[in-house]
Every structure is written in C-alpha cells, then in structure tokens.
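Read off the chains here:
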2 protein chains.
Amino acid sequence: MDNKEISQAVIGRLPRYFRFLGELKDEGVERISSQELSDIMNVTASQIRQDFNNFGGFGQQGYGYNVEYLYEEIGRILGLDKTHNLIIIGAGNLGQALANYTNFERRGFLFKGIFDCNPSLHGKRIRNMKIMPMEQLEDFVKANEIDMAVLTIPKASAVKVAGRLSGTGIRGIWNFAHVDLNVPDGIQVENVHLSDSLMKLAYNINRFDNETLSCFDSGFIDEK
Amino acid sequence: MDNKEISQAVIGRLPRYFRFLGELKDEGVERISSQELSDIMNVTASQIRQDFNNFGGFGQQGYGYNVEYLYEEIGRILGLDKTHNLIIIGAGNLGQALANYTNFERRGFLFKGIFDCNPSLHGKRIRNMKIMPMEQLEDFVKANEIDMAVLTIPKASAVKVAGRLSGTGIRGIWNFAHVDLNVPDGIQVENVHLSDSLMKLAYNINRFDNETLSCFDSGFIDEK
C-alpha cells in the first residue's frame, strides 16, 4: 500500500465520491467519465482526476472509470472493508440518535457499548446495548477491542474522558463536544462542531442578502 | 460593509477563532498577539494575520489584538449580533437533540417550531414547542419569518421537503440527510454528513497504523 501522505482535503472528499458511486452502482451504471461524474457532483473533472491520481488513477484512457471497481477501491482506501468497534459516551438525545443510525452499520461501524454518568439511565436498553456506568469504561474498551469512542457529552467532561481513554488502546475519538481535545499521538480525533457549522450557514445567508441588495460592484476572491 | 467575497475556507475558520476568543475573554485576557493565539489554536500566526486581513486587520503593531474587540467583530461578521428563527423538520432523536442544544440560543439561533410526519408525535412538547404536522409547514414559515430549516429526516424526504421550502422565503437549510440538495439561488445549504466525518476518522486511524508499522520511508505531501 502506498505510504505517501494524502492531504486531509482529498481525504475529506473521498466519502462523497463513495456516496455518489454507491448510488450509480445501485442504479446499474457500469462506467463513467470524469466529466460525467463532474456534472453530477458539481466538482471539476480536473479535480476528480487529480484526487484519484493520489491513489493510482483507476481510470483508463477512452473508457473512463469502472463504477464498481472505483467504488470498491475508494471503500478500501477509506477502510470500509474492515469493521470498527465503537462505543458512545453520553447517552442523551444525541448519543441515542447516533446509536440508531443504521447507515454506520452498513459501513462496518458497529456500536458495542454506550456509557453515561447518570445512574437513572444505567441498564436502560438502546438497540442491542444496555447503558453502562462510567466506572466500566476502561475495562470494556480493552476487553472488546474498541477502536473508536464517540463523545456526546459536555466539554468539561469530554476533556476528562479523553484523558481516561488515552492508554486504553483506543485509536480514534469522534468528538461532538464544543472543545478541542489534547490527546497523545496514536489517537486520531475528528471533531463535529455543530455550532460552527450553523454559524457558517448564518454567515452565508447574510452575505447573500448583502450582495443582492448592494448597489456597489463586488470584487471577488474565489479561493474555494 | 465590505462586499468582497471571502473564501469559504476562511469563513469556516471564523467560528473556531470566535470560540477561542470567547474563552480568553471569559478568562479576563485583554490582549493577545498573533503568535500567542497561534500557540493555543495550533494555526500559524501568518494564517491568523492573513485571515483577519480579509476583514480589515483588527490588530495594532506592537499591541497585538484586543480580545474583546476581536471577539465582537468576528461575532458581527458571523451575524451573531442578529437573531435567526429556525424550525426543525424531523422530530426523531437527532431533531430533539438539536432542539435541546442551548449553545445555539446563546448565539442567537432560536427554535420556533418542530415538525414531523408521524401523527403519534403531533402535539408532543419539545422545549417550548409542540410537534406540528407537515401540512402546516409553509404557512408557519411565512407567518413566523423563519430564516432556516434544519432537516433531520431521511434523504428521500429531505429532497421533497427542500422542494416545499423553496418559495416560502426561507433563506437557509441545515441539512443532516445523507444527500446533496438542489435548491434555487437564494437558499444557502450547509450539509452535515455524519457518515463522511466518521469515514474520515477511520481513514486516519488506519493510515496512522500503516505508517507506524511500515519499514519503508514515506514521502510526504502536506497540503492541509
């Protein structure tokens, strides 16, 4: 396997390619050119080719890309041919919502346990799991070869729990708390900052309104 | 107000600046240099200065930046000095989780209504709202000057609902469905693709494992 480090920007785009290719595959489409893919994905054909060139190109001159092959290859690169064991820490609405996302299971992400510090929740059933007390966390992670922990707890708790997870063998944290976590090398963190996302939407709404109302010419810097 | 179009990459970084500056303000810090901000945020000082230069610079030579002023200015750019009226469409776990995020209210994002197609949920109370049937959607949006709709529904429904929202005066859609929406100009869309985020984490975990196990030299392309 190629050990060249691929930029996070390219990696960030792969799941979207995977999603579109999955739909094309479901529709029975066998081959597609970069231009056709560009038209439906609203990404330039040149970007598509550049992105795929990070992984050996895939396509054939005059043929385009084989949809099923491309889908499988991107899936493999994303590690979707493996299964991953997950736990959820924080059994509130958000934690329960994530536990119920069947989309994750289809991608090989399996929820093995769910934890909460609230004793009145202990033993309550969510899907095939019972909510466990926090005291059992480290032992459970080690005994069940848990790869990733999903943190759906307030930020002060998230910082403490991240500390507890270091050294348990966990390899990744999917963090919904509104804080940046400091973790040792060896633990990857992916943040989902919902407030940031909503603020970005608000900015774009207000900017659009300002531009449509303005009498002045706008100078554009388009660096997407 | 400057009508120059700022790149989405810069806009995407503003909420994080806002968050760190808010914490510094709460801690009573009055001024900060780009280097100090760089050290705590793990962003280069040069990036910070470039980003702020999009909005007129803010800082003073030899002084650095005034924390409170910077916080207010970025808040204003993000439109946080305004309030926004929101509705939630889809009253499942995720929709209810979002309805309960007090963080959003602090930023001026006010939930005014919540809708679901399931009749057994109608009339059920979430915070200060009662779950309404979908038939009331368009009238409610117009009567209550709703700015944004949060879609926490399956993808086929999301596509249909986006169609219904066009022409109601809504200006933004915060989309949690695993699909890209086609909307007219005048409606901004911000997608939260949770599966994509989780897949990116899985990739990073597996890449890290491969690199620590490899005997070969890696060539690095660092284009973050």
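Residues numbered from 1 in each chain as written. Chains lettered and ligands numbered in written order. Predicted model: local features only at pLDDT ≥ 70, side-chain atom pairs only at ≥ 80, totals over all residues. Heavy atoms only, no water.

Caption draft 1: Spotlight on the confidence of the model for chain A. Residues and elements named next belong to chain A. Residues at a pLDDT of 70 or more form 92% of chain A, whose mean pLDDT is 87. Within the model, pLDDT remains below 50 along residues 214-224, and this stretch shows 13 contacts once partners closer than five positions in the same chain are excluded. With a pTM of 0.80, the predicted complex shows an ipTM of 0.82. (pLDDT = per-residue confidence, 0-100. Contact = heavy atoms within 4.5 Å.)

Caption draft 2: Local environment of the sheet that holds strand β9 (residues 188-191) of chain B. All names here are of chain B. What the seven strands build is an open sheet, ordered β5-β6-β4-β3-β7-β8-β9; its pairing is mixed. Either end of the sheet is taken by a strand with one partner, and the two such strands are β5 (125-126) and β9. Contacts from helix α8 (residues 155-165) reach β3 (84-89), β7 (148-151) and β8 (172-175) within the one sheet, and its direction differs from that of β7 by about 170 degrees. (Pairing = 2+ DSSP bridges. Helix = DSSP H or I, 4+ residues; strand = E, 2+ residues; numbered from the N terminus. Axes fitted to C-alpha atoms, helices over the stretch in contact; angles between N-to-C directions.)

Caption draft 3: Structural view of the environment of A:Asn175. Residue and element names in this part refer to chain A. Assignment of secondary structure puts asparagine 175 in strand β8 (residues 172-175). Linking asparagine 175 and glycine 79, residues 96 residues apart in sequence, is a C-alpha distance of 20 Å. Excluding residues that lie within four positions of it along the chain, asparagine 175 makes contacts with Leu151, Ala158, Leu181, Val189, Glu190, Asn191, Val192 and His193.

Caption draft 4: Helix α1 (residues 8-26) of chain A, seen in detail. Residues and elements named next belong to chain A. Taking 1.5 Å per residue as the helical rise, α1 with its 19 residues ought to reach 27 Å, and the 28 Å between its terminal C-alpha atoms agrees with that figure. Every buried residue belonging to α1 is among Gln8, Val10, Ile11, Leu14, Pro15, Tyr17, Phe18, Arg19, Phe20, Leu21, Gly22 and Leu24, and all of these are buried. Two residues or fewer past α1, glycine 28 is found with a positive phi of approximately 85 degrees. (Expected span 1.5 Å × (residues − 1). Buried < 20%, exposed > 50% of the residue type's maximum accessible area, 1.4 Å probe, protein only.)

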